[in-house]
Amino acid sequence: MSVRETLQAVGNGAVLGTLTLLYPPRCPLCEVPLEEDCSKGLRFVCEGCLSQIQRVMPPWCARCGDPLEEGRDLCVRCAFEKVPFECARSFGLYEGVLARLTQRLKFQKEPALTRELAPLLAQALEQEGLFQCIEGITFVPMSRRSLWARGFNQSQLLAQRLGALVDKPVFATLWKHRETRPQVELSGQERLENLRGAFAPLRPAQCERILLIDDVYTTGATTTECSRALQSAGYPHVYVLTLARAPISSGR
Ligand SMILES: [Zn+2]
Ligand SMILES: [Zn+2]
């Protein structure tokens, strides 16, 4: 939590006001001064930057959401192989503003950014028709060592904020019981093998239809393995929503 957030949380308005006067908050991407939004409280990114995010646009594979040529329903992979989730969708392309925000969130450890990013997931949930399908929300877990190193799980924070925004329960459903190599170093098939069996259920299913949240979808290896583990926990229908979708070359 930043100094500003702490002061806001403890209700220390006078100190916060002086701090804002001396050091007006600025957008971390373009440096314009940030104005307080009455409905959202303190802002962490400006509207101008958020409006530059490129949405993922159809045509896409009805199952995995990968870009597709017009006139086909499924990509080659989904046509031949049953993925363990109903469908996977993403808010925007992993490039420009969204890539920078996702990297800041994870690598510069700015969890407050999830306040700006979770509403984008809520928007996608509504627009992709997933809201009516799901009863609960869960997230891709991190290994204990990675969690200790970062201090928070960005997918968990996004899921929790999303749950509060759309009024759905959020469940911790899985744990990652072994360390894996960074996916960015690996090819598509290696990514699947790297993660195989790395996730296990924490407890029996809490509902029938669950939404799995992650920050970036690249080859789908993470969401595929997590969906398998969710199915083994007793969730028959898994839906996937990520903030960003990356081509495999940009890694994650
Ligand atoms: Zn900006
Ligand atoms: Zn597909």
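Residues numbered from 1 in each chain as written. Chains lettered and ligands numbered in written order. Predicted model: local features only at pLDDT ≥ 70, side-chain atom pairs only at ≥ 80, totals over all residues. Heavy atoms only, no water.

The protein chain is annotated in an unreviewed UniProt entry as Double zinc ribbon domain-containing protein of Fraserbacteria sp.. UniProt lists a comment for the protein chain under the heading Sequence similarities (unreviewed entry), and it reads "Belongs to the ComF/GntX family." (UniProt positions renumbered as here; feature names shortened; annotations may be inferred.)

**Student:** I'd like a rundown of the pattern of salt bridges, residues and numbers included.
**Tutor:** What the rule picks out here adds up to six salt bridges. Between aspartate 66 and arginine 245 there is a salt bridge whose closest N-O contact spans 3.1 Å. Of this pair, aspartate 66 sits in the loop between α3 (47-50) and α4 (76-80) while arginine 245 sits in strand β6 (residues 237-245), placing them 179 residues apart in sequence. Taking relative accessible area as the criterion, arginine 245 reaches 6% and is therefore assigned buried. In this structure, the salt-bridge partner of arginine 104 is glutamate 110, at a minimum N-O distance of 2.8 Å. Given the relative accessible area of 22%, glutamate 110 is considered partly exposed. (Salt bridge = Lys/Arg side-chain N within 4 Å of Asp/Glu carboxyl O. Helix = DSSP H or I, 4+ residues; strand = E, 2+ residues; numbered from the N terminus. Buried < 20%, exposed > 50% of the residue type's maximum accessible area, 1.4 Å probe, protein only.)

**Student:** Mind laying out the coordination of the zinc ion (ligand 1), listing which residues take part and the relevant values?
**Tutor:** Protein coordination of the zinc ion (ligand 1) is provided by Cys27 (SG), Cys30 (SG), Cys46 (SG) and Cys49 (SG), with donor distances spanning 2.3 Å. Taken together, the four donor atoms coordinating the zinc ion (ligand 1) span angles of 103 to 116 degrees at the metal, a pattern that classifies the geometry as tetrahedral. Spacing between the donor residues of the zinc ion (ligand 1) along the chain follows C-x2-C-x15-C-x2-C. Of this pair, cysteine 30 sits in the loop between α2 (13-22) and α3 while cysteine 46 sits in the loop between α2 and α3, and the two are 16 residues apart along the sequence. (Donors = N, O, S within 2.8 Å, 3.2 Å for Na, K, Ca; no water. Tetrahedral: all angles 85-135°; square planar, octahedral: opposite > 155°, others 65-115°.)

**Student:** Kindly report on the coordination of the zinc ion (ligand 2), identifying the contributing residues and their values.
**Tutor:** Taken together, the protein donors to the zinc ion (ligand 2) comprise Cys61 (SG), Cys64 (SG), Cys75 (SG) and Cys78 (SG), at separations of 2.3 to 2.4 Å. Around the zinc ion (ligand 2), the four donor atoms are arranged such that angles at the metal cover 104 to 116 degrees; this shape is classified as tetrahedral. Site description for the zinc ion (ligand 2): donor spacing in sequence, C-x2-C-x10-C-x2-C.

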